[in-house]
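# Close look at the chain arrangement
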2 protein chains.
Amino acid sequence: VALGLAGTAPAVLLEHEGRVVVLLPGPPGELRRLWPRAVAHEAFQRLLARRAERTQRLLRFFGPSESAIARTLAEAGGEGESVEATVCAHDLEIHVDLFFSKEGASRAEGLIDALRTAFPRELFALDDARPVAELVLAECRDLGLTLASAESATGGMVGARLTDIPGASDVYLGGVIAYADEAKERHLGIPAEILDAHGAVSAETATAMAAGARSRFGAAVAVADTGIAGPSGGSAEKPVGLVYLAIDSGRGSSTKRFVLPGDREAVRARATALVLHLLRRHLEAFRDSAV
Amino acid sequence: VALGLAGTAPAVLLEHEGRVVVLLPGPPGELRRLWPRAVAHEAFQRLLARRAERTQRLLRFFGPSESAIARTLAEAGGEGESVEATVCAHDLEIHVDLFFSKEGASRAEGLIDALRTAFPRELFALDDARPVAELVLAECRDLGLTLASAESATGGMVGARLTDIPGASDVYLGGVIAYADEAKERHLGIPAEILDAHGAVSAETATAMAAGARSRFGAAVAVADTGIAGPSGGSAEKPVGLVYLAIDSGRGSSTKRFVLPGDREAVRARATALVLHLLRRHLEAFRDSAV
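Here is a short report on the structure shown in this document. Here the structure is a predicted model, which means the values were calculated and not measured.

## What to know about the overall build of chain A
- Within chain A one finds 10 helices and 12 strands.
- The buried share among the 291 residues of chain A stands at 47%.
- Within chain A, counting contacts between residues at least 6 apart in sequence, those at least 24 apart form 63% of the total.
- Only carbon and sulfur atoms are counted for the fraction: they give 53% of the accessible area of chain A, which is about 13,600 Å².
- A gap of 2 Å separates the mean positions of the 32 positive and 38 negative side-chain charges of chain A.

Put into structure tokens, the structure is as follows:
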């Protein structure tokens, strides 16, 4: 059955031996337009009616590896007996989806408890699928904090992720993409001596970038990154993948060093996710100490 | 046949009635790692050996619609007789891939000529798959120009696209993400009177943002954007999707108004692609006038 077109892209529904196959175009916009027609189709509805009542829980982790989480799940009893678990990596996070029927509920609770006990700090969201940028903005909004950024390695990706979220403007004031050294001096007020003594990719420069962004934008909290995304520009002392991330909240600052694996695209994506997750953690600490 | 694993993701090759089916994981990094194993497999090689020698040409357009290009292709004779043509939209560009055997070569040339005649300015790349950000950076490098950005609607996406490209730093000095109005005043030197009289989303503000970024970064050319990405913030006079883009090259500036369709994500993605393509066109004109 043809379900219709999005532009020139068709959606098709096939039924074969009691199975329903839906073919949809790949581009997300077209897929979203045609998906409701598939769901509305009588064959699809018949399928939904046959399905057993299932509950879904989502656990999101930042820090542990996919295999460490899979091991904890297995040690706690793992899948089976009406509980299905999928573990997958998503933008530096690990997501665990648990699907279970009524009979599996207590077993699923056991798995959640085991994961919570093994990774108390790393489990940062339960049944909350909002992107980390949205969690950061919501946390800032709750705490009455404004935000600014100073990006070098990520070249605008942190700002792009924050401004992806509708209503970002009440929290995120803006940022500087300081790619050239002179831009770091001029727009973030970083003393030339720091750049000369430690280089643009250094803990000192990252710290000064965050402080500079915070004061220049008049923000409560600022994040900064500087690094070597590659493929060129690395050295034995400062290899490709070296990234310094800094957060300045006026109450002091925190600067961290990472050597991230992968190509330029991977290094930049990881650095962006790290900035947002460190910010999220920093805001948690903020909230804890405010209580 | 199992071809191996990338992490926990498998690749599988099936042979069925002379057809070869390769199953690969979706994440690009894992796909890239396993693809060479599929190609190296004996069944795959047998398939390649059977294939006739084919040439591929790629034509990229900015401006015309997919259907306008498909119509031109059809009027010029279209596919068939050893020529295969695919037309697809990609990030606001339209790509035409022509595949042809020796016998189809002159027919393919005819199609290329027809497209070139119909869209002389809109056909911007022939057999060049580099992303538009890379074309912009290469053109700047050739002309000895440096670049800066001032982003509001795109919130860092223009900087992110430019710095995706290795070696961007010799051309792209940096940018300001001016999300809050105060950031526009403070970091781009936009007079409060302009913001008061015309609003943050106006041709006047976009023009001033580009001029401000150019002078503040000491760049030869600067681009700026300001707009309403939605879902809220629109009005009858200034609807969601309204975006002003400005380019300042010291030789004068150019500011354009668009009302872009789609949701927040689509508006921002389109605005980012538009900034890069307008910049590309502006640089072409630069080169033409320099000759």
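## Quick word on the sheet that holds strand β5 (residues 83-90) of chain A
Residues and elements named next belong to chain A.
- Ordered by their spatial adjacency, 4 strands build an open sheet running β5-β6-β4-β7, and the pairing between neighbours is antiparallel. The open sheet has two edge strands, β5 and β7 (123-126), and neither has a second partner. Within the sheet, the average angular offset between the axes of one strand and its neighbour, ignoring direction, is 20°.
- Where strand β4 (residues 55-62) lies against strand β6 (residues 93-100), 8 bridges are found, and the strand directions are antiparallel.

## Quick word on the pairing of strand β11 (residues 242-248) of chain A
Residues and elements named next belong to chain A.
- Most of β11 sits inside the fold, with 7 of its 7 residues counted as buried.
- A two-sided burial pattern is seen for β11, the buried positions comprising L242, Y244, A246 and D248 on one face and V243, L245 and I247 on the other.
- The pairing of strand β10 (residues 221-227) with β11 spans 6 bridges and is classified as antiparallel. By the bridge assignment, V223 is partnered in β11 with I247.

## Examining the interface of chain A and chain B
- On the side of chain B, 38 residues touch chain A, which itself brings 38 residues to the contact.
- With both sides pooled, the region where chain A packs onto chain B buries about 2,500 Å², and carbon together with sulfur makes up 52% of that total.
- A per-residue breakdown of the area chain A buries against chain B is headed by I177, Y179 and H187 of chain A, which together make up 22% of the total.
- At the junction of chain A with chain B, the criterion picks out 2 salt bridges.
- In this structure, R268 of chain B and D164 of chain A form a salt bridge, with 2.9 Å as the shortest nitrogen-oxygen distance.
- Seen at the junction of chain A and chain B, the total is 26 residue pairs in polar contact (both at pLDDT 80 or more).
- Contributions of two or more residues to the side of chain A that touches chain B are made by α6 (157-163), β9 (172-178), α7 (181-188), α9 (203-217) and α10 (264-290) of chain A.

## A word on helix α7 (residues 181-188) of chain B
Residue and element names in this part refer to chain B.
- Among the residues of α7, A183, K184, H187 and L188 are the ones counted as buried. Buried residues of α7, seen end-on, are gathered within an arc of 105° and therefore sit on one face of the element.
- Just downstream of α7 lies G189, where phi reads positive at about 65°.

## Re the side chain of T205 of chain A
- Tracing the backbone through its elements, the reader meets T205 of chain A in helix α9.
- Leave out the neighbours within four places in its chain, and T205 of chain A touches K184, I190, I194, L195, G199 and A200 of chain A.

## Section: unusual backbone geometry
- With omega at 5°, the peptide bond leading from G230 of chain A into P231 of chain A counts as cis.
- By secondary structure assignment, the location of P231 of chain A is in the loop between β10 and β11.
- One non-glycine residue, L92 of chain A, lies in positive phi territory at about 75°.
- In this structure, L92 of chain A sits in the loop between β5 and β6.
- Classification of L92 of chain A by relative accessible area gives partly exposed; the value is 31%.
- Of note, the phi angle at D127 of chain B is positive, near 55°, even though the residue is not glycine.
- Here D127 of chain B falls in the partly exposed class, since its relative accessible area comes to 42%.

## With respect to the relation of the copies chain A and chain B
- Least-squares fitting of chain A to chain B yields an RMSD of 0.2 Å, with the superposition described by an axial translation of 0.2 Å and a rotation of 180°. In the structure described here, the two chain copies are related by an operation that fits a two-fold rotation axis.
- The fraction of interface residues of chain A whose copies in chain B are also interface residues reaches 97%, indicating that both copies meet through the same surface.

## Here's the deal with a nonpolar patch on the surface
Residue and element names in this part refer to chain A.
- A contiguous nonpolar surface patch, about 230 Å² in accessible area, is contributed by L14, V21 and L23.
- The topology assignment puts L14 in strand β2 (residues 9-16).
- The partly exposed category is assigned to L14, whose relative accessible area is 39%.

## Overview of the sheet that holds β9 of chain A
- Across the sheet, which stays open at both edges, the 10 strands sit in the order β12(A)-β11(A)-β10(A)-β8(A)-β9(A)-β9(B)-β8(B)-β10(B)-β11(B)-β12(B) with mixed pairing between neighbours. Looking at strand neighbours, the two that pair on one side only are β12 (253-259) of chain A together with β12 (253-259) of chain B, the edges of this open sheet. Across the sheet, the mean angle from the axis of one strand to that of its neighbour is 10°, orientation sign disregarded.
- The pairing of strand β8 (residues 147-151) of chain A with β10 of chain A spans 5 bridges and is parallel. Residue pairing across strands places S149 of chain A opposite V223 of chain A, the latter belonging to β10 of chain A.
- Strands β9 of chain A together with β8 (147-151), β9 (172-178) and β10 (221-227) of chain B of the sheet are contacted by α7 of chain B, whose axis makes an angle of about 145° with β9 of chain B.

Conventions and cut-offs
Residues numbered from 1 in each chain as written. Chains lettered and ligands numbered in written order. Predicted model: local features only at pLDDT ≥ 70, side-chain atom pairs only at ≥ 80, totals over all residues. Heavy atoms only, no water. Helix = DSSP H or I, 4+ residues; strand = E, 2+ residues; numbered from the N terminus. Buried < 20%, exposed > 50% of the residue type's maximum accessible area, 1.4 Å probe, protein only. Contact = heavy atoms within 4.5 Å. Areas by Shrake-Rupley, 256 points an atom, 1.4 Å probe, with all protein chains shown as cover. Lys, Arg positive; Asp, Glu negative; His and termini not counted. Charge placed at Lys NZ, Arg CZ, Asp CG, Glu CD. Pairing = 2+ DSSP bridges. Axes fitted to C-alpha atoms, helices over the stretch in contact; angles between N-to-C directions. Buried area = accessible area lost by both parts, 1.4 Å probe. Salt bridge = Lys/Arg side-chain N within 4 Å of Asp/Glu carboxyl O. Polar contact = N/O pair within 3.5 Å; in protein donor to acceptor, adjacent residues only side chain to side chain. Arc of directions from axis to C-beta. Least-squares fit on C-alpha atoms with pLDDT ≥ 70 in both. Patch = residues over 30% accessible without salt bridge, like charges linked within 9 Å, V, L, I, M, F, W, Y side chains within 5 Å.

Take it as geometry only, folks, not as evidence of what the structure does.
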